[in-house]
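Observations on the three-dimensional arrangement
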There are 2 protein chains.
Amino acid sequence: MIEYRTLRVALLGAGSVGSQVARLLLENREELAARSGADLQLVGIAVRNLDAKRDVELPRELYTTDAETLIVGADIVIELMGGIEPAKTYILQALNAGADVITGNKALLAEHGAEIFGAAEQVGAEVYYEAAVAAAIPIIRPLRDSLAGDNIKRILAIVNGSTNYILDRMDRFGDSMADAQKTAFELGFLEADPTLDVEGYDAAQKATLLASLAFHSSVPASGVHREGISQITPEQIQAAKDAGYVIKLLAIAERITDEDGTEGVSARVYPALVDRNHPLASVHGGNNAVFVEAEAAGPLMFYGAGAGGVQTASAILGDLVSAARRHVAGGPGLGESTHADLPLLPIGSVTTKYQISLLVTDRPGVLARIAGILSDGGVSVETVQQTVQPGEEDDATGTATLVIGTHAAREAALQATVEALTASEDTQAVVSVLRVEGAE
Amino acid sequence: MIEYRTLRVALLGAGSVGSQVARLLLENREELAARSGADLQLVGIAVRNLDAKRDVELPRELYTTDAETLIVGADIVIELMGGIEPAKTYILQALNAGADVITGNKALLAEHGAEIFGAAEQVGAEVYYEAAVAAAIPIIRPLRDSLAGDNIKRILAIVNGSTNYILDRMDRFGDSMADAQKTAFELGFLEADPTLDVEGYDAAQKATLLASLAFHSSVPASGVHREGISQITPEQIQAAKDAGYVIKLLAIAERITDEDGTEGVSARVYPALVDRNHPLASVHGGNNAVFVEAEAAGPLMFYGAGAGGVQTASAILGDLVSAARRHVAGGPGLGESTHADLPLLPIGSVTTKYQISLLVTDRPGVLARIAGILSDGGVSVETVQQTVQPGEEDDATGTATLVIGTHAAREAALQATVEALTASEDTQAVVSVLRVEGAE
Ligand SMILES: NC(=O)c1ccc[n+]([C@@H]2O[C@H](COP(=O)([O-])OP(=O)(O)OC[C@H]3O[C@@H](n4cnc5c(N)ncnc54)[C@H](OP(=O)(O)O)[C@@H]3O)[C@@H](O)[C@H]2O)c1
Ligand SMILES: NC(=O)c1ccc[n+]([C@@H]2O[C@H](COP(=O)([O-])OP(=O)(O)OC[C@H]3O[C@@H](n4cnc5c(N)ncnc54)[C@H](OP(=O)(O)O)[C@@H]3O)[C@@H](O)[C@H]2O)c1
């Protein structure tokens, strides 16, 4: 029998992910040893409440409420408590003691990544976080290693399963936003407080991590432009469908150049129109997908379950094997590199296509005047579709709907143009302004 | 300015992939240094013909016909010549001299992988081969690293762009096999000698590599069951469509248990029916996709371009950065682990669903007799659809088509049953027997 070196693994948290990690770690100990070259010994599990009911039956003596003591002497610390504190303090303690850290805590990394990666670098320890974006879908390693010789142009990602589930229900079953949210909640796709998901905060944290990694730059979470889906209406969903689109909440990381020629990064989250033939359009239910466009590799897509205790545990255990191999053989981990040091540019610098729906008073010359406002604003029109309200077709001053598809325009120009459209005497209402993503 | 350690890179081959690798290596030298920690110096390019016209303009003094001398003193050797010899000899020379090797040569690795990985292990060198399966799509690292803590159950992969292009044309435009092949050839999707692609040899080489990696076992290429697409007819394509399926040439690596309870691996290639709602069904044209089912992670899919000079170069450069990082920081590479040592089981041990189309003489009791043959053979019927030939409906001894969908059955039982069906007096012809994959 081969003698493996023993590595001490401390687990912080035994919730939906942590309990599965503990189970798989104990069940697959031999397999994991053969694959990593180390015997991974689970030395303890820190929880808040020793008597809480757990998803998985584990030896009682593993549990402790004393995380700080558990960390001492561990070779690898797995943080699955969530939240900023005390997770951050424990992670820094672990790193400072020389342990490698594995975490799925996107909130913490998006907010305090620089400090955590800095602390790791100082002591030569490593931070692994494959589970923090799109759970079980391998995306951190592909970006960091497989695409390390390529230049990434853009990432369009569905990284929040809750909102994808909601939008998918509205699209496929015609649900209202409220009904779709209700169903999502009942099926466990949505937390009691839906804000983090529905308003795009969770997706924005992941956009921060994706942009930092893809562009070798430190992207501050606070600068990420964020719009949620709460304002999306069944009418917008239907109109998108009629035009051959589907509405998806996208986390976008893109390399852009602003008007002044400054090269930088855009990280943003909003509901956008995606062509129904785009691979992202067929990502249904609570699934996640990361669509990467690289200079040499062309388009790539990574697809799978973006959440779930056991799915996320798969990513954590993959990181654990990597960390163990590094302990045995040395070598680089999954740390961040920010050598490119590109600035995060504001949303105004972004260039996309738009679809604008307007209600206008249907009188002579209206189309020409609206087109004039757009062209004055520097927004070039690609398609216009005019629908006169039914039953009023011979009423010279009835209402018409204009659906305008634009060529790619700067967000800043578009916003100013939408203001001008709103102020126009011809306009009764600006019904919807949505960006179109994935085109080119 | 940071001083990087210099690593000497020798390139063997300047064809469609090699020339792009050389170009990107020279163009992105600074970026690659920042990302890998090493200055990657291209010391030379071995070719057969110094005067051949190349896709890319490169300094003439880089070219040499003396590959053996070029290898001497290189830290990293990139083999992009293709074929078994002299590629194999050069790779072994490089490894024995302590250099790391990067290759996209699936034919060589499928045939002589054990010898090559063995040589690498002996000297502590590494072999990287992300480009060998599905070109730019990251799949080797996800299997080896990201999923290292999980247990893979099955991989269904579209890894041959040529045959996917041909089948997709037949499906979408109703082309005949000959017309689809002609178009594929004209558009550069098919070589002058189509055998390697059309008969599934290329896919079988990739199945070997996927199965070895996914199941930590050494899978011999010679034992991989292989069927090509040349026998696929427009009628089969149409019948598949009518039944809600699409026909795809799949490379399959699966962990199975045979009748005797022996655990092992199945590696096989054949055209199979895939449900139109399965993610693999929407892989169109020359694209590739690898669908992985893992115990904890659930289903995952990796999608992108499966060929092309510059796309494949992306994977090679990713490997180059990994190899360089390893030179700088030490640590494990992408070598193979065969600790699980599972046997490759024959096709007869595989369990799948089937769809069988028969022409039978339409007379009383025929359905019962056919059903009897199936049940005697241990093949359980899930669905039967009987169509009497048009215009003969009141002819008591006309011809009827039976399309039988089976429950999962062992291949060996199925083959014996098909023989019994063929021999039956009721049967005029067995029109088509296709396996159904991706169900469950
Ligand atoms: N769930 C997913 O699908 C998923 C997917 C990707 C990433 N993640 C990330 O993974 C992390 C864990 O998620 P989860 O869903 O497993 O969370 P969870 O179910 O809420 O579990 C949290 C665990 O941490 C423990 N804990 C919390 N505060 C603690 C403290 N101060 N001291 C000691 N223990 C403490 C809790 O103990 P008690 O049980 O005693 O209360 C509980 O066991 C989060 O960062 C999350 O964002 C989750
Ligand atoms: N093309 C793709 O899309 C793709 C995708 C994935 C993997 N791959 C793999 O990548 C490898 C290279 O493919 P490729 O399409 O680039 O091949 P290719 O276009 O045929 O180029 C082969 C190159 O190797 C050189 N060469 C061949 N034999 C040689 C010898 N004995 N000594 C010195 N040089 C020799 C050739 O030199 P001359 O130019 O002087 O003849 C040529 O430059 C193959 O293993 C292939 O399977 C290719």
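None of the values given here were measured: they were computed from a predicted structure.

Reading guide: rules and limits
- Residues numbered from 1 in each chain as written.
- Chains lettered and ligands numbered in written order.
- Predicted model: local features only at pLDDT ≥ 70, side-chain atom pairs only at ≥ 80, totals over all residues.
- Heavy atoms only, no water.
- Pairing = 2+ DSSP bridges.
- Helix = DSSP H or I, 4+ residues; strand = E, 2+ residues; numbered from the N terminus.
- Contact = heavy atoms within 4.5 Å.
- Axes fitted to C-alpha atoms, helices over the stretch in contact; angles between N-to-C directions.
- Least-squares fit on C-alpha atoms with pLDDT ≥ 70 in both.
- Near = heavy atom within 4 Å.
- Polar contact = N/O pair within 3.5 Å; in protein donor to acceptor, adjacent residues only side chain to side chain.
- Areas by Shrake-Rupley, 256 points an atom, 1.4 Å probe, with all protein chains shown as cover.
- Nonpolar A, V, L, I, M, F, W, Y, C, P; charged D, E, K, R; others polar.
- Buried area = accessible area lost by both parts, 1.4 Å probe.
- Salt bridge = Lys/Arg side-chain N within 4 Å of Asp/Glu carboxyl O.
- Expected span 1.5 Å × (residues − 1).
- Buried < 20%, exposed > 50% of the residue type's maximum accessible area, 1.4 Å probe, protein only.
- Right-handed = clockwise from strand over helix to strand, strands pointing away.
- Parallel < 35°, antiparallel > 145°, perpendicular 65-115°, else oblique.
- Left-handed = near helix turned anticlockwise from the far one by under 90°.
- Core = buried A, V, L, I, M, F, W, Y, C linked by side-chain atoms within 4.5 Å.
- Domains from an automatic or database assignment.
- 1 Å grid on protein atoms, 1.4 Å probe; cavity = no way out; pocket = protein on both sides within 12 Å on 5 of 7 lines; lining within 4 Å.
- Points joined across faces, edges and corners; volume = space filled by probe spheres on them.

**Digging into the sheet that holds strand β3 (residues 63-64) of chain A**
Residues and elements named next belong to chain A. Across the sheet, which stays open at both edges, the six strands sit in the order β3-β2-β1-β4-β5-β6 with parallel pairing between neighbours. If you trace the sheet from one side to the other, it starts and ends with β3 and β6 (127-128), each paired once. Relative to β6, strand β5 (residues 100-103) runs parallel, the two sharing two bridges. Counted as the bridge partner of Val101 is Val127 from β6. Lying on the sheet, helix α1 (residues 16-27) is in contact with β1 (5-12), β2 (38-46) and β4 (76-79); it crosses β2 at an angle near 145°.

**Here's the deal with the sheet that holds strand β6 (residues 127-128) of chain B**
Residue and element names in this part refer to chain B. In spatial order, the strands read β3-β2-β1-β4-β5-β6; together these six strands make up an open sheet with parallel pairing. The sheet is open, and its two borders are formed by β3 (63-64) and β6, each paired with just one other strand. Bridge analysis of strand β4 (residues 76-79) against strand β5 (residues 100-103) gives four bridges, and the strand direction is parallel. By the bridge assignment, Val77 is partnered in β5 with Val101. Against the sheet, helix α4 (residues 87-96) contacts β1 (5-12), β4, β5 and β6, and its axis sits at roughly 150° relative to β5.

**So, the relation of the copies chain A and chain B**
Overlay of chain A on chain B (RMSD 0.1 Å): rotation 180°, translation along the axis 0.0 Å. Viewed as a symmetry operation, the transformation between the two copies matches a two-fold axis.

**Some thoughts on the site of ligand 1**
Residue and element names in this part refer to chain A. Taken together, 21 residues surround ligand 1, and among them Ala14, Ser16, Asn49, Arg54 and Gly308 come closest. A distance of 2.8 Å separates an oxygen atom of ligand 1 from a polar atom in the backbone of Asn49. Surface burial for ligand 1 is 77%, taken as the share of its 900 Å² of free accessible area covered by protein chains. Class assignment of the residues belonging to the shell around ligand 1 gives a composition of nine nonpolar, nine polar and three charged.

**A closer look at the interface of chain A and chain B**
Listed by partner, the interface residues are 44 residues for chain A and 44 residues for chain B. For the pairing of chain A and chain B, the buried interface totals around 3,700 Å² over both sides, and the portion due to carbon and sulfur atoms is 57%. Taken together, the connections running from chain A to chain B amount to two salt bridges. One salt bridge in this structure joins Arg325 of chain B and Asp145 of chain A, with 2.8 Å as the shortest N-O distance. Broken down by secondary-structure element, the contributors of at least two residues to the side of chain A that touches chain B are α2 (29-36), α6 (140-146), β12 (298-305) and α12 (309-329) of chain A. The biggest single contributor to the side of chain A that touches chain B is α12 of chain A, with nine residues. Split into classes, the residues belonging to the side of chain A that touches chain B amount to 23 nonpolar, 13 polar and eight charged. Note that β12 of chain A and strand β12 (residues 298-305) of chain B share five bridges and pair antiparallel. Each residue of the ladder has a partner; that of Phe302 of chain A, found in β12 of chain B, is Phe302 of chain B.

**Quick notes on helix α1 (residues 16-27) of chain B**
If you check α1 of chain B, its first and last C-alpha atoms are 17 Å apart, about what 12 residues at 1.5 Å a residue would give, namely 16 Å. Buried within α1 of chain B are the following residues: Val17, Gly18, Ser19, Gln20, Val21, Ala22, Leu24 and Leu25 of chain B.

**With respect to the pairing of β5 of chain B**
Residue and element names in this part refer to chain B. Across the two faces of β5 the burial is the same, with Asp100 and Ile102 and Val101 and Thr103 all buried. With α4 bridging β4 and the parallel β5, this β-α-β connection has right-handed handedness. The handedness of the β5 to β6 crossover, carried by helix α5 (residues 106-123), is right-handed.

**A few points about the environment of Ala313 of chain A**
Residue and element names in this part refer to chain A. If you trace the backbone, Ala313 turns up in helix α12. Along the primary structure Ala313 and Ala221 are separated by 92 residues, whereas in three dimensions their C-alpha atoms are 25 Å apart. If near-sequence neighbours (up to four positions away) are discounted, Ala313 is found in contact with Val17, Gln20, Val21 and Leu24.

**Things to note about the site of ligand 2**
Residue and element names in this part refer to chain B. Taken together, 21 residues sit near ligand 2, with Ala14, Ser16, Asn49, Arg54 and Gly308 positioned nearest. Asn49 is positioned with one of its backbone polar atoms (N or O) 2.8 Å from an oxygen atom of ligand 2. In isolation ligand 2 exposes 910 Å². Once the protein is present, 77% of that is buried. Residues belonging to the shell around ligand 2 are distributed by class as follows: nine nonpolar, nine polar and three charged.

**Here we look at the pattern of salt bridges**
All names here are of chain B. Within this structure, the stated rule accounts for 52 salt bridges over all chains. One salt bridge connects Arg172 with Asp168, and the closest N-O pair in it is separated by 3.2 Å. Highlighted residues: Arg172 and Asp168, both in helix α7 (residues 161-173), separated by four residues, approximately one helical turn. Owing to a relative accessible area of 45%, Arg172 belongs among the partly exposed residues under this scheme. When its relative accessible area of 6% is taken as the criterion, Asp168 is described as buried.

**With respect to the packing of helix α2 (residues 29-36) of chain B against helix α12 (residues 309-329) of chain B**
Two quantities define a packed helix pair, namely the angle between the helix axes and the distance between the axes. All names here are of chain B. One can describe the packing of α2 onto α12 by two numbers: an axis separation of 9 Å at closest approach and a directional angle of 50°. With respect to each other, α2 and α12 are oriented oblique. Judged by the sense of rotation from one axis to the other, the crossing of α2 with α12 is right-handed. Across from Leu32, Arg35 and Ser36 in α2, the residues of α12 making contact are Leu317, Val321, Ala324, Arg325 and Val328. The class makeup of the residues in the contact of α2 with α12 is five nonpolar, one polar and two charged.

**Thoughts on unusual backbone geometry**
In this structure, Pro86 of chain A follows Glu85 of chain A across a cis peptide bond, with omega equal to 5°. Inspection of the secondary structure assignment puts Pro86 of chain A in the loop between β4 and α4 (87-96). One non-glycine residue, Ala135 of chain B, adopts positive backbone phi at about 45°. Following the sequence through the fold, Ala135 of chain B ends up in the loop between β6 and α6 (140-146). Located in the positive-phi region is His216 of chain B, a residue other than glycine, with phi close to 50°.

**Details of the pairing of β1 of chain B**
Residues and elements named next belong to chain B. The sheet contact formed by β1 and strand β2 (residues 38-46) spans eight bridges and is parallel. Residue pairing for β2: Leu11 is matched across the bridge by Ile45. Bridge count for β1 against β4 is four bridges, and the pairing is parallel. Bridge assignment links Leu12 to a residue of β4, and that residue is Glu79.

**Focus on the nonpolar core**
By size, the foremost hydrophobic cluster in this structure holds 160 residues, and its most contacted members are Ile155 of chain A together with Ile155 of chain B. The residues contacting Ile155 of chain A, other than those within four sequence positions of it, are Leu143, Leu210, Ala214, Ala251, Ile252, Ala253, Val290, Phe291 and Val292 of chain A.

**As for the domain arrangement of chain A**
Residues and elements named next belong to chain A. Taken domain by domain, chain A holds domain 1 (5-133 + 310-329), domain 2 (140-306) and domain 3 (350-437). If you average the C-alpha positions of domain 2 and of domain 3, the two centres end up 26 Å apart. The interface is formed by 22 residues belonging to domain 2 together with 10 residues belonging to domain 3. Interface of domain 2 and domain 3: buried area, both sides summed, is about 1,300 Å²; carbon and sulfur atoms make up 53% of it. Of all residues in domain 2, Gln236, Tyr270 and Leu273 bury the most surface against domain 3, accounting for 36% of the area lost on that side. At the boundary of domain 2 with domain 3, the tally comes to three salt bridges. Salt-bridge contacts for Glu437 lead to Arg268; the nearest nitrogen and oxygen are separated by 3.0 Å. The tally of links between domain 2 and domain 3 comes to seven residue pairs in polar contact (both at pLDDT 80 or more). Secondary-structure elements contributing two or more residues to the side of domain 2 that touches domain 3 are β7 (152-158), β9 (245-257) and β10 (263-275). When residues in the side of domain 2 that touches domain 3 are grouped by element, the largest group, seven residues, is from β10.

**Some remarks on empty space enclosed by the protein**
Gaps left between atoms show up when a probe the size of a water molecule is rolled over them. One pass over the structure, following the stated rule, counts six cavities of 30 Å³ or more. Taken as a whole, the second largest cavity holds about 80 Å³ of empty space. Around the second largest cavity, the lining residues are Asn151, Ile152, Ala214, Phe215, His216, Arg255, Ala340 and Leu342 of chain A together with Glu31 and Arg35 of chain B. Class assignment of the residues belonging to the lining of the second largest cavity gives a composition of five nonpolar, two polar and three charged.

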